[in-house]
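# Descriptive analysis of the structure
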Amino acid sequence: MRERKIEGLPMQEVERLAAGAYRALGYAVRALRHADSEEGDLLLTREEQRVLLQCKYWKTRKVGEMPVRELYGVMAAYSATGGVMISAGTFTLEASRFAGLGGIELLDGGKFRQLLGSQVDDAAISGPARSMAG
């Protein structure tokens, strides 16, 4: 039942949950909005780490290699030391291979639920949106 609720969330709520999960892990979280898109990235920083996080194609079944390559390019623009891509679906073999070479962690729906842990309950899902500025 939880799985369906998470996968049915709008992208902004997914980003909010991801921001909260990484804050709980000790990261400072900054939302990066792009002028030409409603989507944004999250810049996660902790000590010397600068990790760029993207939630992509939240309701798509399989994410291919191209979005992972694009994340790699954006990582360079922000001098990121790593990347994370979250999707409710799965990732193709090609996407997984490139992610391994590029220092990118891929979180499918199951791994994202594990990351969220106790945040995945009715209160977290239906609660008011909080600011992602960190």
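Before any of the text, the structure's been laid out above.
Residues numbered from 1 in each chain as written. Predicted model: local features only at pLDDT ≥ 70, side-chain atom pairs only at ≥ 80, totals over all residues. Heavy atoms only, no water.

## What about the packing of aromatic side chains?
As enumerated under the stated definition, the model contains two aromatic pairs in all. Centre to centre, the rings of Tyr 22 and Tyr 27 are 5.6 Å apart; their planes meet at 70 degrees, and the pair counts as edge-to-face. When sorted by exposure, Tyr 22 lands in the same class as Tyr 27, which is buried. With a centroid separation of 5.7 Å and 85 degrees between ring planes, the pair formed by Tyr 72 and Phe 98 is classed as edge-to-face. Of this pair, Tyr 72 sits in helix H3 (residues 65–77) while Phe 98 sits in helix H4 (residues 93–102), and the two are 26 residues apart along the sequence. By relative accessible area, Phe 98 is classed as buried at 13%. (Phe/Tyr/Trp six-rings, centres within 6.5 Å; stacked < 30°, edge-to-face > 60°. Buried < 20%, exposed > 50% of the residue type's maximum accessible area, 1.4 Å probe, protein only. Helix = DSSP H or I, 4+ residues; strand = E, 2+ residues; numbered from the N terminus.)

## What about the sheet that holds strand E7 (residues 104–107)?
Here we have five strands laid out as an open sheet, ordered E1-E2-E3-E5-E7, and mixed in their pairing. Whereas interior strands pair on both sides, the edge strands pair on one side only; in this sheet they are strand E1 (28–33) and E7. Mean inter-strand twist for the sheet, computed between neighbouring axes without regard to direction, equals 20 degrees. Summarising the sheet, E1 and strand E2 (residues 40–46) pair through six bridges and their orientation is antiparallel. The partner of Ala 31 across the bridge, within E2, is Leu 42. (Pairing = 2+ DSSP bridges. Axes fitted to C-alpha atoms, helices over the stretch in contact; angles between N-to-C directions.)

## Looking at the pattern of salt bridges
Overall, the coordinates contain two salt bridges when judged by the stated rule. When the shortest N-O distance is used, the salt bridge between Arg 16 and Glu 13 registers 2.5 Å. Taken together, the residues Arg 16 and Glu 13, both in helix H2 (residues 11–24) and three residues apart, mark about one turn of the helix. Classification of Arg 16 as buried rests on a relative accessible area of 6%. Of the charged contacts in the structure, one is a salt bridge between Arg 69 and Glu 65, with a shortest N-O distance of 2.7 Å. With Arg 69 and Glu 65 both in helix H3, this residue pair falls four residues apart, about one helical turn. Using a relative accessible area of 25% as the deciding quantity, one classes Glu 65 as partly exposed. (Salt bridge = Lys/Arg side-chain N within 4 Å of Asp/Glu carboxyl O.)

Purely spatial values, then, with no claim about function.
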